[in-house]
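# Summary of the model geometry
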Amino acid sequence: QVQLVESGGGLVQPGGSLRLSCAASGFIFSNYPMTWYRQAPGKERELVAGITNTGGNTNYPVSVKGRFTISRDNAKNTLYLQMNNLKPEDTAVYYCKLRLSGLDYWGQGTQVTVSS
């Protein structure tokens, strides 16, 4: 029943911007914190951003702090990741994730490639 569908990835130049979306369904979206992860080739999947259920608090690792912004529109059941000043090292598949009743639910992922 839970569905998470990412979109918005693509090819961008270094310094460019991209906005990812995650459309959520099958659960009460506004009741749960949400997170974005990414996985680059040969690397472990890493946390990129987290947001509380209301959107009142967000968290980022140093690697993206100041460049990425996580947000949500609970009325639209949608999670967003605004990515600015993109760098080649941001190249990865980006996933949104829900933890519900001790189980993790993942979207299919969307590819972000930062290259000249």
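Here, every reference points to the structure presented above.
Below, the structure is looked at part by part.

## Notes on the nonpolar core
With 28 residues, the main nonpolar core has Trp-36, Leu-79, Leu-81, Met-83 and Tyr-94 as its most contacted residues. If you list the elements that add at least two residues to this core, you get strand E3 (18–25), strand E4 (34–39), strand E5 (46–51), strand E7 (68–73), strand E8 (78–83), strand E9 (92–100) and strand E11 (110–114). With residues up to four places along the chain from it excluded, the contact list for Tyr-94 reads Glu-6, Leu-20, Trp-36, Tyr-37, Arg-38, Val-48, Phe-68, Leu-81, Met-83, Gly-109, Thr-110 and Val-112.

## A closer look at the sheet that holds strand E1 (residues 3–7)
Paired through their backbone hydrogen bonds, the strands of a sheet run either parallel or antiparallel. Spatial strand order, E1-E3-E8-E7: four strands in an open sheet with antiparallel pairing. Bordering the open sheet on either side are E1 and E7, each of which pairs with just one other strand. The sheet shows a mean angle of 15° between the axes of neighbouring strands, direction not considered. With five bridges joining them, E1 and E3 adopt antiparallel strand pairing. Among the inter-strand pairings, Ser-7 is bridged to a residue of E3, identified as Ser-21.

## As for the pairing of E9
Counting buried residues along E9, seven of its nine residues qualify, which places the element largely inside the surrounding structure. As paired elements, E4 and E9 share five bridges and run antiparallel to each other. Within E9, the residue paired with Thr-35 across the bridge is Lys-97. Two elements, E9 and strand E10 (residues 103–106), share four bridges in a ladder whose sense is antiparallel. By the bridge assignment for E10, Arg-99 is matched with Asp-104. In this antiparallel pair of consecutive strands, E9 and E10, the connection spans two residues, and Ser-101 shows a positive phi of 55°.

## Observations regarding the side chain of Asp-90
As for its position among the elements, Asp-90 is in the loop between E8 and E9. Judged by relative accessible area, Asp-90 falls into the buried class, the value being 1%. Within polar-contact distance, the side chain of Asp-90 engages the backbone nitrogen of Lys-87 at 2.8 Å. The contacts of Asp-90, once residues within four sequence positions are left out, are Arg-38, Arg-67, Phe-68, Asn-85, Val-112 and Val-114.

Conventions we followed
- Residues numbered from 1 in each chain as written.
- Predicted model: local features only at pLDDT ≥ 70, side-chain atom pairs only at ≥ 80, totals over all residues.
- Heavy atoms only, no water.
- Core = buried A, V, L, I, M, F, W, Y, C linked by side-chain atoms within 4.5 Å.
- Buried < 20%, exposed > 50% of the residue type's maximum accessible area, 1.4 Å probe, protein only.
- Helix = DSSP H or I, 4+ residues; strand = E, 2+ residues; numbered from the N terminus.
- Contact = heavy atoms within 4.5 Å.
- Pairing = 2+ DSSP bridges.
- Axes fitted to C-alpha atoms, helices over the stretch in contact; angles between N-to-C directions.
- Polar contact = N/O pair within 3.5 Å; in protein donor to acceptor, adjacent residues only side chain to side chain.

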